[in-house]
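What follows is each chain in one-letter form.
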Amino acid sequence: PVSLSIQVLPAWWQTGLARAVGFLAFVLLLHLALQWRTGVRAREQALADEVRERTAELAAANARLQELSYLDPMTGIANGRHFRDALVTLMDLHLSAPCSLIFIDVDFFKDFNDRFGHLAGDAALCAVAGTIRDVAPADATVARYGGEEFVCLLRETSLEEARTLAEEIRRAVESRDFRIPDTETVSRVTISAGIAQARIDSMDDARG
């Protein structure tokens, strides 16, 4: 009998070194995949945060534009558009009691303008607007209706309560001093006021 010693060498991929390298490569690829996934999620989160931030900024800008569209730039109180929308809001609320309206007009305003000039007229309107706002209840809608005309819309207020408030406003305006711009002259104006009461249940009521 003849004995032969045969040694079978493993293929290169079957060696321990190759297996170790393969395992390390697998671990590295897994690590890179996890990093890529984490990066994608981080970018998605950053994008979502940016979208929320931009959305909040846009909402704030729109709210500011809405506020400005409701503001009379000279007197700083609400304008006629705000007043009309407030009427619609009252209609939607279906209040149980009627609302009252005080309509205010500055006396002889054209003569005052002609005598002292438009800057003095503007100062007079600002003084009247500020006085009405100071005297009126916090939930009242005080607006410049147009020119030298103002309105004070009162929720669920009787005619007698509106009459009392109108007289308080009239006396407050009559006693308020204001300075005519670019002069040392202090002046006053007076107002006339009318009152009305109605339920605001429809657009016809609001327009009326």
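Residues numbered from 1 in each chain as written. Predicted model: local features only at pLDDT ≥ 70, side-chain atom pairs only at ≥ 80, totals over all residues. Heavy atoms only, no water.

Asks: Mind showing me how you'd approach the overall build of the chain here?
Replies: What the chain contains, in helices and strands, is 6 helices and 6 strands. Sequence-ordered secondary structure for the chain, helices as α and strands as β, is α-α-β-α-α-β-β-α-β-β-β-α. Relative to its length of 208 residues, the chain is extended, with a C-alpha radius of gyration of 38 Å against a globular reference of 17 Å. Each principal axis of the C-alpha atoms in the chain carries an extent, and together these give about 140 × 50 × 25 Å. Per-residue burial over the chain gives 27% buried out of 208 residues. Once local pairs closer than 6 in sequence are excluded, the contacts in the chain between residues at least 24 apart make up 68%. (Helix = DSSP H or I, 4+ residues; strand = E, 2+ residues; numbered from the N terminus. Rg over C-alpha atoms; globule rule 2.2 N^0.38 Å. Buried < 20%, exposed > 50% of the residue type's maximum accessible area, 1.4 Å probe, protein only. Contact = heavy atoms within 4.5 Å.)

Asks: So what exactly am I meant to see when it comes to the packing of helix H3 (residues 109-116) against helix H4 (residues 118-135) here?
Replies: In helix packing, the relevant descriptors are the interaxial angle and the interaxial distance, both defined with respect to the helix axes. Contact pair H3 / H4: the axes reach a minimum separation of 7 Å and the direction vectors enclose 135°. What the angle tells us is that H3 and H4 run oblique. Note on element contacts: H4 touches H3 through His118, Ala120, Gly121, Ala124 and Leu125, opposite Phe109, Phe112, Asn113 and Phe116. In terms of residue class, the contact of H3 with H4 is made up of 6 nonpolar, 3 polar and no charged. (Axes fitted to C-alpha atoms, helices over the stretch in contact; angles between N-to-C directions. Parallel < 35°, antiparallel > 145°, perpendicular 65-115°, else oblique. Nonpolar A, V, L, I, M, F, W, Y, C, P; charged D, E, K, R; others polar.)

Asks: Teacher, can you tell me more about the side chain of Asn113 here?
Replies: If you trace the backbone, Asn113 turns up in helix H3. Setting aside residues no more than four positions away along its own chain, Asn113 makes contact with His118 and Gly121.

Asks: Just to check I follow, could you spell out the nonpolar core for this structure?
Replies: Nonpolar side chains tend toward joint burial in soluble globular proteins. In this structure, Ile102, Val106, Val128, Phe150, Cys152, Ile169 and Val189 are the most contacted members of the largest nonpolar core, which totals 29 residues. For this core, the elements supplying multiple residues, two or more each, are strand E1 (99-106), H3, H4, strand E3 (149-154) and helix H5 (159-174). Sorting elements by how many residues they give to this core places H4 first, with 8 residues. Ignoring any residue separated from it by four or fewer positions in sequence, one finds Ile102 in contact with Phe150, Val151, Cys152, Leu154, Ala162, Leu165, Ala166, Ile169, Ala193, Gly194 and Ile195. In terms of nonpolar packing, the next biggest core, distinct from the first, is built from 12 residues, Leu87, Met91, Cys99 and Leu153 among them. (Core = buried A, V, L, I, M, F, W, Y, C linked by side-chain atoms within 4.5 Å.)

Asks: Looking at this structure, how should I read the packing of H4 against H5?
Replies: The interhelical angle for the contact between H4 and H5, taken along N-to-C directions, is 140°, at an axis separation of 9 Å. The pairing of H4 with H5 is recorded here as oblique in orientation. Between H4 and H5 lies a crossing of right-handed hand. Residue-level contacts link Val128, Thr131, Ile132 and Val135 of H4 to Leu165, Glu168, Ile169, Ala172 and Val173 of H5. In the contact of H4 with H5, the residues fall into 7 nonpolar, 1 polar and 1 charged. (Left-handed = near helix turned anticlockwise from the far one by under 90°.)

Asks: Help me understand the pairing of E3 in this model?
Replies: In the case of a regular strand, side chains alternate between the two sheet surfaces. Of all 6 residues making up E3, 5 are buried, and the element is well covered by its neighbours. By the bridge criterion, 6 bridges tie E1 to E3 in an arrangement that is antiparallel. Bridge pairing in E3 links Leu101 to Leu153. Hairpin connection, strand E2 (residues 141-146) to E3: the antiparallel pair is bridged by 2 residues, and Gly147 has positive phi, about 60°. (Pairing = 2+ DSSP bridges.)

Asks: Where do I start with H4 in this structure?
Replies: Note on helix geometry: an α-helix contains 3.6 residues per turn, so any two residues three or four positions apart are oriented the same way. Taking 1.5 Å per residue, 18 residues should reach 26 Å; H4 reaches 26 Å between its end C-alpha atoms and fits that length. Every buried residue of H4 is listed here: Ala120, Gly121, Ala123, Ala124, Leu125, Ala127, Val128, Ala129, Gly130, Thr131 and Ile132. (Expected span 1.5 Å × (residues − 1).)

Asks: Help me understand the pattern of salt bridges in this model?
Replies: It is possible for side chains bearing opposite charge to pair when their charged atoms get close. The tally for this structure, following the rule as stated, stands at 12 salt bridges. For Arg52, the salt bridge identified is with Asp49, shortest N-O distance 2.2 Å. One end of the pair, Arg52, and the other, Asp49, are both in helix H1 (residues 16-69), 3 residues apart, so they sit about a helical turn from each other. Residue Arg52 is classed as partly exposed on the basis of its relative accessible area of 48%. A relative accessible area of 35% means that Asp49 is categorised as partly exposed. The salt bridge involving Arg163 is made with Glu160; its shortest N-O contact spans 2.8 Å. Of the two residues, Arg163 and Glu160 both sit in helix H5, 3 residues apart, roughly one turn of that helix. Connected via shared salt-bridge partners are Glu167, Arg170, Arg171 and Glu174. (Salt bridge = Lys/Arg side-chain N within 4 Å of Asp/Glu carboxyl O.)

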